[in-house]
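If you want the building blocks of each chain, they are given just below.
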Amino acid sequence: MNEGDSDMGIFFLYLFIASATPLFLWKEKRKLALASLPLLIAMWVLSGFYVTDSLSSAAHTFFMVLFSFNVLMAHVAAIVLYVKPKWWKRYASD
């Protein structure tokens, strides 16, 4: 197995995890979940082109920016859901 295969596996693993993010957000933060859907759809469409090596250099750059933005959005969602409530509880009890 070469290094590119490993990178592609990690990419698709994240793609599946990112696809589940709206499910976790749905109950508490529906607007954030709905906002992430267009990004996920675009990421899945572009990943098909990425796998077949049919992206131009500009499309490849756009795809990597979109992917990076989606990573950032998933981390912000995790902070909003799991960290922020604990902060509020800690500071509210003082």
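Scroll up a little and you will see the structure.
These figures come from a predicted structure and were not determined experimentally. (Residues numbered from 1 in each chain as written. Predicted model: local features only at pLDDT ≥ 70, side-chain atom pairs only at ≥ 80, totals over all residues. Heavy atoms only, no water.)

Draft legend 1. Region of interest: empty space enclosed by the protein. With the rule as written, the count across this model stands at one cavity of 30 Å³ or more. Here the largest cavity is characterised by a volume of approximately 40 Å³. Ala18, Thr21, Leu25, Leu32, Ser36, Leu40, Asn70, Met73, Ala74 and Ala77 are the residues that line the largest cavity. Of all elements in the fold, only helix H1 (3–25), helix H2 (30–51) and helix H3 (57–92) reach the threshold of two or more residues within the lining of the largest cavity. (1 Å grid on protein atoms, 1.4 Å probe; cavity = no way out; pocket = protein on both sides within 12 Å on 5 of 7 lines; lining within 4 Å. Points joined across faces, edges and corners; volume = space filled by probe spheres on them. Helix = DSSP H or I, 4+ residues; strand = E, 2+ residues; numbered from the N terminus.)

Draft legend 2. Up close: the layout of surface pockets. Taken as a whole, the largest pocket holds about 160 Å³ of empty space. Secondary-structure elements contributing two or more residues to the lining of the largest pocket are H1 and H3. The leading source of residues in the lining of the largest pocket is H3, at six residues.

Draft legend 3. Structural detail: the side chain of Ser47. Residue placement: Ser47 occurs in helix H2. Among the residues examined, Ser47 registers a relative accessible area of 2% and is labelled buried. Within the structure, Ser47 has its side chain in polar contact with the backbone oxygen of Trp44 (distance 2.7 Å). If we skip the residues at most four places from it in the chain, Ser47 touches Phe11, Phe12, Leu15 and Phe63. (Buried < 20%, exposed > 50% of the residue type's maximum accessible area, 1.4 Å probe, protein only. Polar contact = N/O pair within 3.5 Å; in protein donor to acceptor, adjacent residues only side chain to side chain. Contact = heavy atoms within 4.5 Å.)

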